Amino acid sequence: MMSTGYQFSRWLAAMVVVVWMIVKPGSSQSNDSSSTVNMPIRSFCGPVDVMSPTVFFTNLNSTFVSLRKELSRKGVYFARSNNLGNADSVYGTTQCRRYLSTAKCLSCFDVGVSILTARCTTRNGAYVILDDCFIRYQNYQNYYDDPTVIEDVGVTSAGICGNQSTSEPSTFNKFMEEFLSDIRVATPRTSNFYVASTTTRSSGNATLYAIAQCIENTTQNICQNCLDTAYNNLVDCFPNTEGRAINLGCFMRYSSTPFFKDNQTIDITSFLQEESSSKLGMIVAVTVGGGIFLLILVFSLWYRLRKRSKALEEDASELQGAVNFSYKDMKLATGNFSEEYRIGRGGFGEVYKATIDNKNVVAVKKLLVRHGRARLEFNNEVKLMSSVRHRNLVRVLGWSSEGPELLLVLEYMPNGSLDKFLWGEAKGRLNWKQRFNIIFGIARGLAHLHHEFHVKIIHRDIKSANILIDDDFQPKIADFGLARLQEEGQSHVSTKFAGTLGYTAPEYATHGHLSDKVDTYSFGVVTLEIISGRRCNDVNSQRSDACYLLDDAWKFYENNMHLKIIDENLNLPESEQEHVKKIIEIALKCTQSPVSIRPTMSEVVLMISNERSLVRRN
């Protein structure tokens, strides 16, 4: 039996054909506001397909039904609803102009839903803006709950101008600038962030109509900033007799043709008077605040000097626990950095096996000074890792900076790097229990860097070659030369790209937006490599179309064919196949976009922990 939500959306999808037959592009609007024709001013479908279209569509239908139910209540013009079922959550918002009756509001909503249902059913978000209402849904939460976040997905703030110009341009422009400026000031001061107003020009005795409205769950400051932008966009429409400014946070419109009734206006005089009184308050505040500012400035300078002094002391103490080795001793221990001692090579140097004090086997990483970033990377790695202790992070034992090369002394990992076991000389040696433990260990190491250390450390170059394996086949994250700190409260750090393509999150590779979620993305890719035994950038030779590992994983998931991604060398029994599918799904969650819907590494550890009991004991 079909659900009510499913029937509702099917009906609306069918109705869109009728709507477009009646409401053709270019149709004029009636002077009677009660018979307003709703045309979509702007619509947008998100660029990413959802993980499970069937589940998402069911959740979307339920959200639409809830939104409509809210709008059907008398006096309700703004509604929010969500459906968090399964993995494909839906967060929806809608708002009608307050000059509408409940019936007209619902009519506009139905037209908007029919447009979205027809165009965007498999996408992870969409919106449509009409003259009388707007609807938006996404599968992530921050735009929905946080009034400081108005993400203008797919469109910048814009003005849309009519095609008919006034006969008195200069007079009209000056008159409209004052009229709309007053509305812009008054709207954020109302209780519901809405104003509808009319004014009559002395010349020609013509009446002009205008409204402004902000989304109701925002703040006064955000509403004001949004309307300032909208006002500037509308000014560009002058001397046209009609114009609209659109944004996902606010809407502004003026016209010489009535689109609401005269008795639906709001007297904005009292809201404009607040501006005058606030100016007097500002003068007093500036006078009194001047002296306070000087005191704050003096205190701030003293505090910054004290903080800088303390930071220098902390930098000096950070290296405690790591030893400053003699370059001469390290050269001797590595046979003058000979080929027979070399165990690895990276982008900025080479790694050698060495024995110190005639008993302790270590790895010596030699960074060549001629590389431009070598000294910076060396300082990064020593500072960050000499004080970090975790079973899944390679430990820095010491350093040497006195010779022609910079040397890092690290704990030695006899089994080498993970990539050797996936597609190198040890390919096929790892069973599922070992692979699962490696995945779990990498997750715990990253969670420690992101959430359990006194600062948030972003690795920036998580890949199979940078995961080392110890005697017990436990993973240790290595190579922290590209690591960066993320200050508390920052959403991301803007920086130049540095890392390895194929493992790197799109927002970082394209825009330089670095956050801990970049490591989450890379972890997801490495997990798929561990499960499949394939390199992330190897094309599947068994398919006619060129598909990389991540593309294949998503397509198999969407068709419920997870098992096709699993390494044939595993030869899994049926009892373990379901468990591997769960880990594949966790890996795919880590590679989702936008950033906000990716889990943190602490959340990943929790998800994997819940699956840990399903691993078969050998």
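Just so you know, these numbers come straight off a predicted model, no measurement behind them. (Residues numbered from 1 in each chain as written. Predicted model: local features only at pLDDT ≥ 70, side-chain atom pairs only at ≥ 80, totals over all residues. Heavy atoms only, no water.)

## Here's the deal with empty space enclosed by the protein
And step 1. Following the criterion strictly, the structure yields 4 cavities of 30 Å³ or more and no others.
And step 2. Each pocket or cavity is described by its volume, and for the second largest cavity that value is around 80 Å³.
And step 3. Lining the second largest cavity are Q95, R97, I129, F134, Q213, C214, I215, N247, L248, G249, C250 and F251.
And step 4. At the level of elements, β8 (207–214) and β10 (250–255) are the ones that each hand at least two residues to the lining of the second largest cavity.
And step 5. Here the lining of the second largest cavity is built from residues that sort into 7 nonpolar, 4 polar and 1 charged. (1 Å grid on protein atoms, 1.4 Å probe; cavity = no way out; pocket = protein on both sides within 12 Å on 5 of 7 lines; lining within 4 Å. Points joined across faces, edges and corners; volume = space filled by probe spheres on them. Helix = DSSP H or I, 4+ residues; strand = E, 2+ residues; numbered from the N terminus. Nonpolar A, V, L, I, M, F, W, Y, C, P; charged D, E, K, R; others polar.)

## A look at the packing of aromatic side chains
And step 1. Within this structure, the stated rule accounts for 15 aromatic pairs.
And step 2. One aromatic cluster in this structure is built from Y99, Y209, F259 and F260.
And step 3. Positioned above the aromatic ring of F251, the side-chain terminus of R97 is 3.9 Å from the ring centre. (Phe/Tyr/Trp six-rings, centres within 6.5 Å; stacked < 30°, edge-to-face > 60°. Lys NZ or Arg CZ within 6 Å of the ring centre and 35° of its normal.)

## Re the sheet that holds strand β3 (residues 90–96)
And step 1. The strand order across the open sheet formed by 5 strands is β1-β4-β5-β3-β2, and the pairing between neighbours is antiparallel. The two strands at the open ends of the sheet, each matched to only one other strand, are β1 (40–45) and β2 (78–83). Averaged over all pairs of adjacent strands, the angle between their axes in this sheet comes to 5 degrees, without regard to strand direction.
And step 2. Pairing analysis gives 5 bridges linking β1 to strand β4 (residues 125–130), with the strands arranged antiparallel. Each bridged residue has a counterpart across the sheet, and for P40 the counterpart in β4 is L130.
And step 3. Sitting on the sheet, helix α2 (residues 53–71) is in contact with β2, β3 and β5 (133–138), with an inclination near 150 degrees to β2.
And step 4. Packed on one face of the sheet, helix α3 (residues 102–119) meets β1, β3, β4 and β5 and runs near 140 degrees to β4. (Pairing = 2+ DSSP bridges. Axes fitted to C-alpha atoms, helices over the stretch in contact; angles between N-to-C directions. Contact = heavy atoms within 4.5 Å.)

## Regarding the pattern of salt bridges
And step 1. Per the counting criterion, the structure on display carries 19 salt bridges.
And step 2. R342 is paired through a salt bridge with E339; the nearest N and O atoms lie 2.7 Å apart.
And step 3. Its relative accessible area of 23% is what places R342 among the partly exposed residues.
And step 4. Judged by relative accessible area, which is 55%, E339 ranks as exposed.
And step 5. Ionic pairing is found between E507 and R598, a salt bridge with its closest N-O pair at 2.8 Å. Residue E507 is found in helix α12 (residues 506–511), and its partner R598 is found in the loop between α15 (574–590) and α16 (601–612); the two are separated by 91 residues along the sequence. As far as burial versus exposure is concerned, E507 and R598 are alike and both buried.
And step 6. Put simply, D131, E242, R244 and R253 are held in one network by salt bridges that share partners. (Salt bridge = Lys/Arg side-chain N within 4 Å of Asp/Glu carboxyl O. Buried < 20%, exposed > 50% of the residue type's maximum accessible area, 1.4 Å probe, protein only.)

## Things to note about the state of the cysteines
And step 1. Tallied over the full model, the rule gives 6 disulfides.
And step 2. Sulfur-sulfur distance for the disulfide between C45 and C120 comes to 1.7 Å. Across the S-S bond linking C45 and C120, the dihedral sits near -55 degrees, which makes this disulfide left-handed. With C45 in strand β1 and C120 in the loop between α3 and β4, the pair connects residues that are 75 residues apart, well separated along the chain.
And step 3. What makes C45 partly exposed here is its relative accessible area of 24%.
And step 4. Sulfur-sulfur distance for the disulfide between C161 and C237 comes to 2.0 Å. Across the S-S bond of C161 and C237 the torsion is about -80 degrees, and the bridge reads as left-handed. In this pair, C161 is assigned in strand β6 (residues 158–161) and C237 in the loop between α6 (220–235) and β9 (242–246), connecting sequence segments 76 residues apart.
And step 5. With a relative accessible area of 37%, C161 lands in the partly exposed category.
And step 6. The exposure class of C237 is buried, given its relative accessible area of 1%. (Disulfide = S-S within 2.5 Å.)

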